[in-house]
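Letter by letter, the chains look like this.
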Amino acid sequence: MFPFFSYFPLFLFLLLLLLSRPCFPARPLPKPPTVLTVDGHNDTWGDFARFLDIGKGSHVSGMSELKQYFKKFGYLPVPNSNNFTDNFDDRFESAVIAYQTRLGLTVTGKLDSDTISTIMSPRCGVSDAAHTLHATRHFAYFYGKPRWAKPSPVTLTYAFSPVNMIDYLSSSEIRTVFNRAFSRWASVIPVNFAETENYSLADIKIGFYTGDHGDGEPFDGVLGVLAHAFAPENGRFHLDAAETWAVDFGEDKSKVAVDLESVATHEIGHVLGLAHTPVKEAVMYPSLSPRTRKVDLKIDDVAGVQALYGSNPNFTYSSLVESAISSSGPAIGLENGSSKWVVSLVAVVLMLWLCI
Ligand SMILES: [Zn+2]
Ligand SMILES: [Zn+2]
């Protein structure tokens, strides 16, 4: 008979695997009861709730607006006749299937409650059309796999617009948030980011804009599209000035407040060349609910950006696991002697998974 303590490392290992589950591809969960709850949706997309459970062969007035949404995010081509019909036809069913696949939803081809809820959620304005290179990995690139091609060591400069900013957050609050967001990416790839005052010469140009701001991708007011950024080596990084941008939800009680750091971290991924991932827990997942903070890079984000730029020499997967553990609370108790090999074992498993 073995004493309990001989099983303790195994128990820890299984616990860690469970806790690291968000790093793995999202799996469909048992279907919850049909309840559509999207807090603080905007008026435009909120209207899509009326298409719940509409299926193929149906004709519903206003369905063409939902098709416009699918076109905007890369799931439907521009219609031949300039206007979409209100019919739920074969092509639209294919678009729904593609959307469900790319957003990590259960693939039903129907406008079920999960799908409609996700459609109505605030999200990034960048199209989901992307090039996925590996069947078992989930991160994706823009077509042509563009990246910043500067000589090593790579330093990308960034600057804030001297004109298009918001006034209810201080300059230092905004700078602190962006500094942390850039640092997260810099810690995993051999790329440095440096703020510069010279906006016109900066590689990455950050600003807050309202409505139509001249790049063919107009913003849409509160929630809906939150921000967008362009693929390398463009460097334009635009945030919707109509949002209630927050750096501290303790201070900002608005129901529609959006975490600036989470969106900044996501858009920097685009600036570097990553497209959207279907892994819901990853930073590069396209949607983000109000009052939600999602700033830690997950394995999927790291594997994607390192495939473009290589690894930062100081980065280890065990450090990523350790940071995930520390951010999930102190209850795990890793102070004992077995912690190091448990973390290493988890890191090996994760690396093996990445190699599959
Ligand atoms: Zn995005
Ligand atoms: Zn823009």
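Definitions and limits used
- Residues numbered from 1 in each chain as written.
- Chains lettered and ligands numbered in written order.
- Predicted model: local features only at pLDDT ≥ 70, side-chain atom pairs only at ≥ 80, totals over all residues.
- Helix = DSSP H or I, 4+ residues; strand = E, 2+ residues; numbered from the N terminus.
- Contact = placed C-beta atoms within 7 Å.
- Axes fitted to C-alpha atoms, helices over the stretch in contact; angles between N-to-C directions.
- Parallel < 35°, antiparallel > 145°, perpendicular 65-115°, else oblique.
- Left-handed = near helix turned anticlockwise from the far one by under 90°.
- Nonpolar A, V, L, I, M, F, W, Y, C, P; charged D, E, K, R; others polar.
- Pairing = 2+ DSSP bridges.
- Buried ≥ 20, exposed ≤ 12 C-beta atoms within 10 Å, placed from the backbone.
- Expected span 1.5 Å × (residues − 1).
- Arc of directions from axis to C-beta.
- Right-handed = clockwise from strand over helix to strand, strands pointing away.

(A) Highlighting the overall build of the protein chain. For the protein chain, the count of helices and strands is ten helices and seven strands. In the protein chain, the proportion of contacts linking residues at least 24 apart, taken out of those at least 6 apart, comes to 72%.

(B) Inspection of the packing of helix α6 (residues 171–186) against helix α7 (residues 260–272) at higher detail. Two elements in contact, α6 and α7, have axes whose closest approach is 9 Å; the angle formed by their N-to-C orientations is 45°. Relative to α7, the element α6 lies oblique. Regarding α6 and α7, the two cross each other, and that crossing is right-handed. Contacts between α6 and α7 pair V177, F178, R180, A181, F182, R184 and W185 from the former with L260, E261, A264, T265, I268 and L272 from the latter. In the contact of α6 with α7, the residues fall into nine nonpolar, one polar and three charged.

(C) Structural view of the sheet that holds strand β1 (residues 154–160). Read across the sheet, five strands follow the order β2-β1-β3-β5-β4 without closing on themselves; strand pairing throughout is mixed. Two strands lie at the open edges of the sheet, namely β2 (191–195) and β4 (227–229), each paired on one side alone. Across the sheet, the mean angle from the axis of one strand to that of its neighbour is 20°, orientation sign disregarded. Bridge analysis of β4 against strand β5 (residues 236–240) gives three bridges, and the strand direction is antiparallel. Along β5, the bridge assignment pairs A227 with L239. The strands that α6 touches are β1 and β2; relative to β2, the one it contacts most, it runs at about 165°.

(D) The arrangement of the pairing of strand β3 (residues 204–209) in detail. Across the six residues that make up β3, a large majority, five, are buried. Sheet topology places β1 next to β3; three bridges connect them, and they run parallel. Directly across from A159, in β3, lies its bridge partner K205. For β3 and β5, the ladder comprises five bridges, and the chain directions are parallel. By the bridge assignment, G207 is partnered in β5 with H238.

(E) Structural context of helix α4 (residues 90–102). Taking 1.5 Å of rise per residue, 13 residues should cover 18 Å, and α4 covers 18 Å from first to last C-alpha, within 8% of that figure. Within the sequence span of α4, burial applies to F92, A95, V96, Y99, Q100 and R102. Each buried residue of α4 sits inside an arc of 165° when the element is viewed along its axis, so together they form one side. Residues of α4 that are exposed and angled more than 90 degrees away from the buried face: D90 and T101. Among the structural elements, α3 (63–72) and α5 (113–120) are those in contact with the buried residues of α4. One or two steps after α4, the chain reaches G104, where phi turns positive at roughly 70°.

(F) Fine view of the environment of F51. Looking at where F51 falls in the secondary structure, it is placed in the loop between α2 (43–46) and α3. Along the primary structure F51 and S61 are separated by ten residues, whereas in three dimensions their C-alpha atoms are 9.8 Å apart.

(G) Local environment of the pairing of β1. In this sheet, β2 lies alongside β1 in parallel orientation, the contact comprising five bridges. Bridge pairing in β2 places T157 opposite A194. Note on the crossover from β1 through α6 to β2: the handedness is right-handed.

(H) Molecular detail of the environment of L111. Within the secondary structure, L111 is located in the loop between α4 and α5. On the basis of neighbour counts, which here come to 23 C-beta atoms within 10 Å, the residue L111 falls in the buried class. Remark: the alpha-carbon pair of L111 and F51, spanning 60 residues in sequence, is separated by 6.9 Å. Not counting residues within four places of it along the chain, the set of residues in contact with L111 comprises F51, L52, D53, I54, V96 and I116.

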